[in-house]
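# Coordinate analysis (summary)
If you want the building blocks of each chain, they are given just below.
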Amino acid sequence: MNAKTPRPAIGGNWASLLLPIAADDSIEFDKLGEEIDILIDAGVDGIYSNGTAGEFHNQTEAEFDSIQAMLAERCKASSTPFVIGACQPDPLIMLNRVRRAAVLDPRAIQVILPDWWPLNDAEAVDFLKRAAEAADGIPLILYNPPHAKRVLAPKDLGMVCAAVSEVIGIKLADGDASWYVEARLYLSGLSLFVPGHHLATGTKEGVAAGSFSNVACLSPRGAQTWTVSMRNDIDAALDLERRICTFMDAHIVPFRQEFGYSNAALDKLLSAIGNWGPVSTRLRFPYRSIDMAEAVRLRRIARAELPDLFP
Ligand SMILES: N[C@@H](CC=O)C(=O)O
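Structure report, in brief. On a predicted model such as this, the values are computed, not experimentally measured, just so you know.

About the thresholds
Residues numbered from 1 in each chain as written. Predicted model: local features only at pLDDT ≥ 70, side-chain atom pairs only at ≥ 80, totals over all residues. Heavy atoms only, no water. Helix = DSSP H or I, 4+ residues; strand = E, 2+ residues; numbered from the N terminus. Rg over C-alpha atoms; globule rule 2.2 N^0.38 Å. Buried < 20%, exposed > 50% of the residue type's maximum accessible area, 1.4 Å probe, protein only. Areas by Shrake-Rupley, 256 points an atom, 1.4 Å probe, with all protein chains shown as cover. Lys, Arg positive; Asp, Glu negative; His and termini not counted. Charge placed at Lys NZ, Arg CZ, Asp CG, Glu CD. Pairing = 2+ DSSP bridges. Right-handed = clockwise from strand over helix to strand, strands pointing away. Near = heavy atom within 4 Å. Polar contact = N/O pair within 3.5 Å; in protein donor to acceptor, adjacent residues only side chain to side chain. Nonpolar A, V, L, I, M, F, W, Y, C, P; charged D, E, K, R; others polar. Phe/Tyr/Trp six-rings, centres within 6.5 Å; stacked < 30°, edge-to-face > 60°. Axes fitted to C-alpha atoms, helices over the stretch in contact; angles between N-to-C directions. Parallel < 35°, antiparallel > 145°, perpendicular 65-115°, else oblique. Left-handed = near helix turned anticlockwise from the far one by under 90°. Contact = heavy atoms within 4.5 Å. Salt bridge = Lys/Arg side-chain N within 4 Å of Asp/Glu carboxyl O.

Here we take up the overall build of the protein chain. From N to C terminus, the protein chain includes 12 helices and 8 strands. Taking 19 Å as the expected radius of gyration for a compact globule of 311 residues, we find that the protein chain reaches 18 Å, a close match to that expectation. The principal-axis extents of the C-alpha atoms in the protein chain amount to approximately 50 × 45 × 40 Å. Split into buried and exposed, the 311 residues of the protein chain put 55% on the buried side. Accessible area for the protein chain stands at about 13,300 Å²; split by element, carbon and sulfur atoms hold 54% of it. Of note, the protein chain has its 30 positive side-chain charges centred 1 Å away from the centre of its 39 negative side-chain charges.

This brings us to the pairing of strand E1 (residues 12-16). The buried fraction of E1 is high, at 5 of 5 residues. Alignment of E1 against strand E8 (residues 208-213), held across 4 bridges, turns out to be parallel. Note that in E8 the partner of Asn13 across the bridge is Ser211. One crossover worth recording links E1 to the parallel strand E2 (residues 46-48) by way of helix H1 (residues 29-41), and it is right-handed.

Turning to the site of the ligand, a few remarks are in order. Taken together, Ser16, Tyr48, Gly51, Thr52, Ala53, Tyr143, Lys171, Phe212, Ser213, Asn214 and Asp267 make up the full set of residues adjacent to the ligand. Contact between the ligand and Asp267: an oxygen atom at 2.8 Å from a side-chain N or O atom of the residue. In isolation the ligand offers 250 Å² of accessible surface; the protein chains occlude 86% of this area. Taken together, the residues of the shell around the ligand sort by class into 4 nonpolar, 5 polar and 2 charged.

So, on to the packing of aromatic side chains. Aromatic ring pairs are reported here in terms of the distance separating the ring centres and the angle at which the planes meet. If you walk through the whole model with that rule in mind, you get 6 aromatic pairs. A ring pair is formed by Trp14 and Phe212, whose centres lie 5.8 Å apart and whose planes are at 50°; its orientation type is tilted. Of this pair, Trp14 sits in strand E1 while Phe212 sits in strand E8, and the two are 198 residues apart along the sequence. Residue class for Trp14 comes out buried when judged on its relative accessible area of 1%. The buried category is assigned to Phe212, whose relative accessible area is 6%. Relative to Phe212, the ring of Phe193 lies with its centre 4.5 Å away and its plane at 40°, an arrangement referred to as tilted. Residue Phe193 is found in strand E7 (residues 191-193), and its partner Phe212 is found in strand E8; the two are separated by 19 residues along the sequence.

So, about the packing of helix H5 (residues 154-162) against helix H6 (residues 177-186). A pair of packed helices is captured by two measures, namely the crossing angle of their axes and the spacing between those axes. Look at H5 against H6: their axes get within 9 Å of each other, and the N-to-C directions meet at 20°. Regarding the angle of H5 to H6, the classification is roughly parallel. The two elements H5 and H6 cross, and the hand of that crossing is right-handed. Here Pro154, Lys155 and Gly158 of H5 come into contact with H6, specifically with Trp179, Glu182, Ala183 and Tyr186.

Taken in spatial order, the 8 strands of this closed barrel run E1-E2-E3-E4-E5-E6-E7-E8, and their pairing is parallel. Strand-to-strand, the axes of this sheet are offset by a mean angle of 25°, without reference to chain direction. When E7 meets E8, the two strands line up parallel, connected through 2 bridges. Among the inter-strand pairings, Leu192 is bridged to a residue of E8, identified as Ala208. Against the sheet, helix H2 (residues 61-77) engages E2 and strand E3 (82-85), with an angle of about 175° to E3. Of the strands in this sheet, strand E4 (108-111), strand E5 (140-144) and strand E6 (167-172) are in contact with helix H4 (residues 121-135), which crosses E5 at around 140°.

On to the pattern of salt bridges, then. Applying the stated criterion across every chain yields a total of 14 salt bridges. Measuring nitrogen to oxygen at the nearest pair gives 3.7 Å for the salt bridge that ties Arg282 to Asp25. Here Asp25 lies in the loop between E1 and H1 and Arg282 lies in the loop between helix H11 (263-274) and helix H12 (292-305), a separation of 257 residues in the sequence. The partner of Arg184 in a salt bridge is Glu205, with the nearest N and O atoms 3.0 Å apart. Taken together, the positions of Arg184 in helix H6 and Glu205 in the loop between helix H7 (199-204) and E8 put the pair 21 residues apart, joining distant regions of the chain.

What follows is the structure, encoded as structure tokens:
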């Protein structure tokens, strides 16, 4: 049984646990441990497993258990907050992942809405209630990305989450000024996690609690410094955000828009550009990986355009 003591709201810069994948498609667990230690040493606000970038959609249940056990053990030993992604398109597999994640006592558990036939609002509430039961006192974060089978607008998200008090946060894509107006109106009680490269805007708008961050994929330490800077000098943080977006638009997004690579491939490219740990650009079959030579080519450009992220 997990402690039911109230937990502080969570926010800040959360680094994505990326999977080191060997040439035979196995997960390199020795490198995974090394990666976790590097992220802990970078002083990030927390580490989360099994987002899209963590390839939750492409691992066995035994692998899921090994990844989470390793993350929990190392984070607990260093008092680093961690969130476990129990996400899985199949609702029954996901609920079982939630149950097993809860035993490890993470700060929160991330879930998606089951993702083959899109859920209506009542079904979404039923699913989240069942997930909350399985989480046994550990709060939930709903991950509702733009590529989900059903993407809920702020008003619908607000209604669904209001029915399940265990949902304390939502990881989602932000939008234009009108999206921020709606987010303030309908989602004010929840910790919202916006994409890393929009965190300064989300903070300035008074909406974002933090990010499960692609900028932390590029530079965990740099993303942490940038996040902290938002408290004292939001204008400088917004200036860096503009340069991050320019870099992403010019050098990263074309790999998806022109060549059809997945979001996970882009995040692994960012990590290989940052060159801070033992993770290559390699994804597991059947997904295509961006050539490591591209990462090597972009290292000099990233450091020239975003020196603040590479102190
Ligand atoms: N959307 C990503 C976040 C990092 O880039 C994920 O889910 O892991």
